[in-house]
Amino acid sequence: MKCNGAEIVIKLLEEQDIQKLAGIPGGCNLPLYNALSKSRKIQHILARHEQGAGFIAQGMARTTGKAAVCFATSGPGVTNLLTAIADAKLDSIPIVAITGQIPSFLLGTDAFQEVDTFGLAIPITKHNFYVSSAKDLFHIIPEAFRVAEEGRPGPVIVDIPKDVQLEELEIDNWPAHVTKSDSNLLKNNSIDINDIKKIAQMINESKKPLLYIGGGILHSNSSNYLREFAKKSNIPVASTLMGLGCFPSDDKLSLGMLGMHGAPYTNLILRETDLLIAFGVRFDDRATGNISEFCPKASIIHVDIDPAELDKNKLTKFSVAADIQIVLKELIPLIKEDGREEWSKEVATIKKSNPLPVTDYYNFYQPINLIRQIGSLLTPDTIITTDVGQHQMWVAQAYPFQHPRTLLTSGGLGTMGFGLPVAIGAALANPSKKVVCISGDGSILMNIQELATLADHNLNITVIVINNGGLGMVRQLQELFFDENYIATKFECKPDFTSIAKSFGLKGYDLKDDKNPSNTLKRILSESGPCVINIPVDSKEMVMPIVPPGAGNHEMIGSE
Amino acid sequence: MTKTEHVIMELTVNNHPGVMYNITGLFARRAFNLEGILCGRAENTNTSKMYLLIKNDNRIDQTIKQLEKLYDVLSVSICSDCDVRVFDNISKLIKLK
Ligand SMILES: Cc1ncc(C[n+]2csc(CCOP(=O)(O)OP(=O)(O)O)c2C)c(N)n1
């Protein structure tokens, strides 16, 4: 049988069980598209910008935990993709981007749409492959998936010149489907039981232990074990932005999000713990504040799958590089059941006297109220995506997350424009679930073209634009730290998002001047199918509290 | 043991164009120090050996761990019997020019 490189790629993607992939065609990936047209197993999702395609892949990967795929052509196709790739790198999301490259015999000649994909990819991928001959694809494609998913996940780029896509091979026997190597599993399984015993002992001897959890719990699918573990020994749980959803927000042990915009009580309780149990976290500055003031009374246990995270930002008392799930499983039987009455009482007292700043409960348009109301109208399995800014932090503070993978947000890179295309990816991978993208009037404009993709596929996505007439989060920083000297944060043109939605063929609603906005919102959210809702909020609203740059987490302002 | 001013890191890497880019890029973007590089293909293999001259500061462990994460880096170690003077010879060479 004769096959060209492009056909081999598509067949290998089918073997990886890829059912949907997003992308945009162009001169240098035309052979791939030609081969894709013959696939009966893979549906192509035509994005309207390669960044959108990258984020659609992320939406699939973030909800399933499996590597998802996007396509882009050489040159501008690749450069457009980069933001979504960098975003995936910082949040450890497995994606495989397959990019077309100009024909290999033209490489290095500044040919039309030539760009150094390899060089651009290095700092923002886990690894990237350049394919120099079609036969190498049999090794490289499965390897790209392995690298993307194994250990600490991350993005991989496979760059394939057009002539390699067209190169014909005579294939007598299709190589046996290479299954995911289990070498990694073995590596992970070989944790030392003495390490586990040591951790258990430290926890059992601690008076005031506290769990600090993050994305690692998600990636290792261990939120059930986390719950069992925390409950057994009554250990309160503080989460990073990435970890929200891993522990039910309504549980009495839940402390919500810590750090820059954490609740006052969360950051204050962190000051009291004598043993910080850091599971699947990386001591990021947004979470820790001034690191030398972070948990001043605590010894630290750190478990993460990436050895390079251990002792990177903060020295620990004891650390293990391992899969959290395996550690938790071994640990649960070894820790003692403990009511921890005294510590629980202390936690409860601090919680009670240092709540999130009180809000005007009767004002529908007050952002924290608004997020709470949205939360009360949606089922716990609804997938929420956000963009970046104040609205993102209001969601993190007030939305009642119950399950892992129900919050998709750009944690590490903080990329405006994330919300809509990620929602599309999430909806494609979870056709039975409702997806709600909570965005701002700034962020939504950064990938608004993807409303067209949304319309194409008529997905069950509600886009909520929290509209404060400008770049709210930046405005807030100017108010607090630049003497209210406002520049470039207020929008002159305020587009009508309802009309924009309608022009894409979607439903659009505006809650401005609505006599009974709660009822209207309830009605809209109970419908299914794509729509956009504009909700005006006061441009002076701020995310409170806030830890000023460089300060310790306890030095937050706006917490009274 | 007294702490020497420099250490030499010995790397075994896949030998293909771009590996050097990967490694020097890592040092640049993580602001690790790097004083000298010696590199050559290991005979009869698809691998190369790289020797990196590095200031012996408190970021050595982190440097090693980050290097170990690179796909094309097969092994990393601190070379205890490497002679730092080979790098002196390079500096002589550079001065000559
Ligand atoms: C791509 C990108 N550019 C710039 C920023 C810096 N930035 C962070 S938040 C923000 C304002 C976001 O405005 P909006 O989406 O309206 O959200 P709001 O803060 O008003 O809720 C900006 C400009 C960013 N995070 N991402």
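None of these values were measured; they are calculated from a predicted model.

Take the confidence of the model for chain A next. One rule of thumb: low pLDDT means the predicted coordinates there are not for detailed reading. For chain A, the mean per-residue pLDDT works out to 96, and 98% of the residues sit at or above 70. Confidence drops under pLDDT 50 across residues 182-186 of chain A; counting only partners more than four residues distant or on other chains, this segment forms two contacts.

Further remarks concern the site of the ligand. Residue and element names in this part refer to chain A. Residues in close proximity to the ligand total 17 residues, the closest being Gln390, Gly442, Ser443, Asn468 and Gly472. Within the backbone of Gly442, an N or O atom sits 2.8 Å from an oxygen atom of the ligand. Note that an oxygen atom of the ligand is positioned 2.9 Å from one of the backbone N or O atoms of Gly472. Mapped by element, the contributors of at least two residues to the shell around the ligand are helix 17 (390-398) and helix 20 (472-481). Take the shell around the ligand: its biggest share by element is three residues, from helix 20.

Turning our eyes to something else, we now look at the packing of aromatic side chains. All names here are of chain A. Summed over the entire model, instances satisfying the criterion amount to twelve aromatic pairs over all chains. Here the aromatic rings of Phe138 and Trp174 are separated by 5.0 Å at their centres, their planes lie at 75°, and the arrangement is edge-to-face. Residue Phe138 is found in helix 6 (residues 137-149), and its partner Trp174 is found in the loop between strand 8 (168-170) and helix 8 (183-189); the two are separated by 36 residues along the sequence. Across this residue pair, the class does not change: Phe138 and Trp174 are buried. With a centroid separation of 6.2 Å and an interplanar angle of 85°, the aromatic rings of Phe283 and Phe294 are classed as edge-to-face. Of this pair, Phe283 sits in the loop between strand 12 (275-279) and helix 13 (285-288) while Phe294 sits in the loop between helix 13 and strand 13 (299-304), and the two are eleven residues apart along the sequence. Judged by relative accessible area, which is 2%, Phe294 ranks as buried.

Here we come to the UniProt feature "domain: ACT" (unreviewed entry) in chain B. Under the local residue numbering, the UniProt record ascribes the feature "domain: ACT" (unreviewed entry) to residues 8-81 of chain B. Its end C-alpha atoms 9 Å apart, residues 8-81 of chain B is made of 28% helix and 38% strand.

Below, the discussion takes up the interface of chain B and chain A. Listed by partner, the interface residues are twelve residues for chain B and 17 residues for chain A. When the buried surface of chain B facing chain A is broken down by residue, B:Tyr21, B:Lys65 and B:Tyr71 rank first, second and third, together holding 49% of it. Our count for the contact surface shared by chain B and chain A stands at one salt bridge. Counting across the chain B and chain A interface gives five residue pairs in polar contact (both at pLDDT 80 or more). Elements with a contribution of two residues or more to the side of chain B that touches chain A: helix 1 (19-29) and helix 2 (60-69) of chain B. Examining the composition of the side of chain B that touches chain A, we find that four residues originate from one element, helix 2 of chain B, more than from any other.

Here we come to helix 18 (residues 419-429) of chain A. Among the eleven residues of helix 18 of chain A, ten are classified as buried, and the element is accordingly described as predominantly covered. Looking at helix 18 of chain A, one finds that the buried residues are A:Gly419, A:Leu420, A:Pro421, A:Val422, A:Ala423, A:Ile424, A:Gly425, A:Ala426, A:Ala427 and A:Leu428.

Now for the layout of surface pockets. Approximately 1300 Å³ is the volume found for the second largest pocket. Secondary structure elements with two or more residues in the lining of the second largest pocket: helix 4 (76-90), strand 6 (127-130), helix 6 and helix 8 of chain A together with helix 1 and helix 2 of chain B. When grouped by side-chain class, the residues that make up the lining of the second largest pocket number 17 nonpolar, eleven polar and 16 charged.

Scoring rules and cut-offs
- Residues numbered from 1 in each chain as written.
- Chains lettered and ligands numbered in written order.
- Predicted model: local features only at pLDDT ≥ 70, side-chain atom pairs only at ≥ 80, totals over all residues.
- Heavy atoms only, no water.
- pLDDT = per-residue confidence, 0-100.
- Contact = heavy atoms within 4.5 Å.
- Near = heavy atom within 4 Å.
- Polar contact = N/O pair within 3.5 Å; in protein donor to acceptor, adjacent residues only side chain to side chain.
- Helix = DSSP H or I, 4+ residues; strand = E, 2+ residues; numbered from the N terminus.
- Phe/Tyr/Trp six-rings, centres within 6.5 Å; stacked < 30°, edge-to-face > 60°.
- Buried < 20%, exposed > 50% of the residue type's maximum accessible area, 1.4 Å probe, protein only.
- UniProt positions renumbered as here; feature names shortened; annotations may be inferred.
- Buried area = accessible area lost by both parts, 1.4 Å probe.
- Salt bridge = Lys/Arg side-chain N within 4 Å of Asp/Glu carboxyl O.
- 1 Å grid on protein atoms, 1.4 Å probe; cavity = no way out; pocket = protein on both sides within 12 Å on 5 of 7 lines; lining within 4 Å.
- Points joined across faces, edges and corners; volume = space filled by probe spheres on them.
- Nonpolar A, V, L, I, M, F, W, Y, C, P; charged D, E, K, R; others polar.

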